Every structure is written in C-alpha cells, then in structure tokens.
Amino acid sequence: MDKPISPSSQVVQLPPIYSLSSELWDLIFEKLSSSSSFLKWRLVSRTFDVQCTPFVFRKFILHQRIINDNGNPDCSRVKSHIYAHTRYIVLRARLDSVRVSTLLSRCEVLRDIMWIHSRRTTVGLPSEMQRYFEYEGKHVRLHFKLKGKVCSPRLSTIPAQNLTSFCASSTWHRSSILELATLLKSAENLERLYISHLLPLGKGKLPPIKSLSLQGKAGFLDTQSRNISQWTYTSAHVEKLFDFSRLTCLRLEEIPMENFIMTVPVDAFKMLRTFKFVDKVSHHEVESGPELGPWMNRLCTMIGSMGDLEKFSAMFCRHRNIVQALPRSLRVLELVDHPEHCSYLNDSHPGSCDDTRLLNIIRQKCPDLRALRLDLWIGLSNSAQEVSNTCEPGMYL
C-alpha cells in the first residue's frame, strides 16, 4: 500500500503564464498599462505585483505628502519605486522645491518633468530647480504648463535647452509676450507648443516643432496684446516666424480659418498625421453658394497633399469637395456640426449631400477608416440606423 503524500511534499503547479520570460511580461503589461483597471492586476499575486510595479510608477503625479519626511513606511516605499521606475513625473509649482529637487536627483531613469503653474504662483522655476537642470538634469526634458492668469513672470529662469513643450492658454501683458517669444525661439529642442497670443516677430524664428495648438479663446490684459483669434500675420510673417518642416499634429480653435489658410504655404503640412480645427465664423462662405471660395479651394489642396494623415477632425467640413480631398491614409474622421451651421447641407445646395451619400464617398476615399463621428440632424439626414448599416465591419461609428 502506497504511503500518502504529505502536503509539504506536494508540488504546486503554477499557471503557464508564470513561466513567461521577463520580456513577454513587459509586453503584456505595456499593453494593459493604459487600462483604467490596470492597478487591479497587482492584486493577483506577488509575481503580478512585481511585474506591474514598474509600469504603475512609470508616470507619476507627485504630492506633498509623499515628499514630506514623516517616517511613514508607505511614503518611503513609494519613493523607492519612484527612484527606480519613474520616467515621467508631474510637479506643481506649489510643492516644496528643496525636497522636490532632492527627490529628482535620486531618480535613476527619469526622462521627463511636467511643471504646472496655477493661478497663485509666480511663473518661473525656483532656484533649486534651476540648479537641478543645470547639473543632474541636463538631459531631462521639461514640459511647462501654465493655468490661469500670468503674474510676475520670470521666464528667464526656465532652461531653454531642456524645454520640450510649452502650453499656455493664459492672459499675458505685452512685455511678457516679448520675453516668451525670446524663450521659445531659443528652445532648440521644443517639440510641442500651445499658445493663445500672437508672438512678436523680432529676430529669429521658432524651432521646427512637431505639435502646434493655436487657441483663440483666452483674453488679454492690455490693449497692446493681441489674441491669436485675430491672426493678423501675413504670409511673410508666417514664413519668418514658423517652421512647419517637422509638424505632425496641428490643432486650431477659434481662429479665422480663412486668414490662416491664406497665409500658410500650400505644402506646409505634408507630414501631418493629426489635423483638427474648430471655426464657427467661416461657415457663411460655404452657405453663400455652390462655388468654393479661394481659401476653401486652398484647404482642399492642402488636405489632398497630406499623404500620411491619420486623424481629421473639423467643425464644418461636410462639403462634398472637401470630403473628396481626404487622403486614403485616414483612420479617424470627425465631422462635427451645430444645427445653426447646417443650412448648407440641404439638397438645394449643389455642394451638399445627405449622410448616406456622404458616407459612401468617405468609404471610397478612406478604405482604412476605423472610427467615424458624423453628426446626424433631424430633417437633414437619413436615420442613424440606415447610415450605420452602410459602415464597414469593425468601424466604430
């Protein structure tokens, strides 16, 4: 008779996933890390916790209670993970700059810092952060973001060699705008720019950025500061100030599209992958008659030259001529309208077409389209179900 096997001698058979190599673990959690439920995977087992932790701390928003030296073991454990795994850290200007710079100097794989200014803080970097970028953080990329009204700016404290992105939908004085232009023109590694005010020309031009967002909603503090919604640049001004040679993402909001399109070279946006614009002013030209105006023809030519365009989002471009200019590379299309701007979509307008015919044009022009947002208005289009039935399998509508 066989002797029973004691529990201590039994071999626990783990699921096959536990035998995967570390490289495959990384690939799996790289895909899962963008999910909202990603943190739950740490609770599966110790192995899952160990494998998930680097991805959990890869991008981290720092809070004051974490950097306080209060002897809390949980805070100490979090800081040890930040030191070892954090590549992108988000900091707010109100944090203790001495303790923040000390923490940053111990980070082993840090690549990017997002520095956020709120309304009540002076715009600029404290002396401790300036020293960090001068010595330990020479190769760390700085993403600078302003919120609210700009007061007492000290833009000269921002290291131009580290500045990678600058986002400011704030209100400015003219003297501050001049200082901002000097900073941006000297930032050779600048890749992303989000502004709401016209920059003075002066000497030099902006570096060849990859992402440009122009928003015309912000106000201004004095009559000499010009909001970008005015767009008073000429073609010569645009050529002197901007370099679109590396631009892959362009977002325009509440600026006069007619003025913008007519002052930018036709072949300026050949490398665009994302193009989004919102313009509630220029609809009237489309409504006025069957013929496209000069700037709309120019826009069609521009769109047709964007051979790598993957996402196109527009407020009013449901005119057949513009849709027919869309490139075959398109994967995401958003055609957003408002009822007060839809009078040109009726069948009496030679350039208009109902949603079903419009969708057929889109299918022919963009065979790789995977997501479509198309506003449907009662009395102007067929039913949503009829339009949905004409979609390709796998397309998100």
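Residues numbered from 1 in each chain as written. Predicted model: local features only at pLDDT ≥ 70, side-chain atom pairs only at ≥ 80, totals over all residues. Heavy atoms only, no water.

1. Quick look at the overall build of the protein chain
Stage number 1. Secondary structure assignment for the protein chain yields 14 helices and 12 strands.
Stage number 2. Out of the 397 residues in the protein chain, the part that is buried amounts to 45%.
Stage number 3. Excluding contacts between residues fewer than 6 apart, the proportion of contacts in the protein chain whose partners are at least 24 apart in sequence is 62%.
Stage number 4. Carbon and sulfur atoms provide 51% of the accessible area of the protein chain, an area that totals close to 20900 Å². (Helix = DSSP H or I, 4+ residues; strand = E, 2+ residues; numbered from the N terminus. Buried < 20%, exposed > 50% of the residue type's maximum accessible area, 1.4 Å probe, protein only. Contact = heavy atoms within 4.5 Å. Areas by Shrake-Rupley, 256 points an atom, 1.4 Å probe, with all protein chains shown as cover.)

2. Let's talk about the nonpolar core
Stage number 1. One finds Leu62, Phe166, Phe269 and Phe312 to be the most contacted residues of the largest nonpolar core, which totals 98 residues.
Stage number 2. Examining the composition of this core, we find that 6 residues originate from one element, helix 11 (residues 294-304), more than from any other. (Core = buried A, V, L, I, M, F, W, Y, C linked by side-chain atoms within 4.5 Å.)

3. Regarding a nonpolar patch on the surface
Stage number 1. There is a patch of nonpolar side chains on the surface, built from Leu20, Leu24, Leu27 and Ile28 and spanning about 310 Å² of accessible area.
Stage number 2. Within the secondary structure, Leu24 sits in helix 1 (residues 22-32).
Stage number 3. Taking the relative accessible area as the measure of exposure, Leu24 reaches 38% and is therefore partly exposed. (Patch = residues over 30% accessible without salt bridge, like charges linked within 9 Å, V, L, I, M, F, W, Y side chains within 5 Å. Salt bridge = Lys/Arg side-chain N within 4 Å of Asp/Glu carboxyl O.)

4. Some points on helix 6 (residues 127-134)
Stage number 1. Three or more residues of helix 6 are buried, namely Met129, Tyr132 and Phe133. Looking down the long axis of helix 6, one finds its buried residues gathered within 95 degrees of arc, a one-sided arrangement.
Stage number 2. If you follow the buried residues of helix 6, they end up packed against strand 2 (88-92), helix 5 (97-105), strand 3 (112-117) and strand 4 (141-146). (Arc of directions from axis to C-beta.)

5. Regarding the sheet that holds strand 5 (residues 163-168)
Stage number 1. Taken together, the 12 strands give an open sheet; going across it, the order is 1-2-3-4-5-6-7-8-9-10-11-12, and neighbouring strands pair in parallel fashion. Edge strands, defined here as strands with exactly one partner in the open sheet, are strand 1 (59-61) and strand 12 (371-374). When strand polarity is set aside, the average angle formed by the axes of neighbouring strands in this sheet is 10 degrees.
Stage number 2. The pairing of strand 8 (residues 249-253) with strand 9 (residues 274-278) spans 5 bridges and is parallel. By the bridge assignment for strand 9, Arg251 is matched with Lys276.
Stage number 3. In this fold helix 7 (residues 174-186) packs onto strand 5 and strand 6 (192-195), with an angle of close to 150 degrees to the strand it touches most, strand 5. (Pairing = 2+ DSSP bridges. Axes fitted to C-alpha atoms, helices over the stretch in contact; angles between N-to-C directions.)

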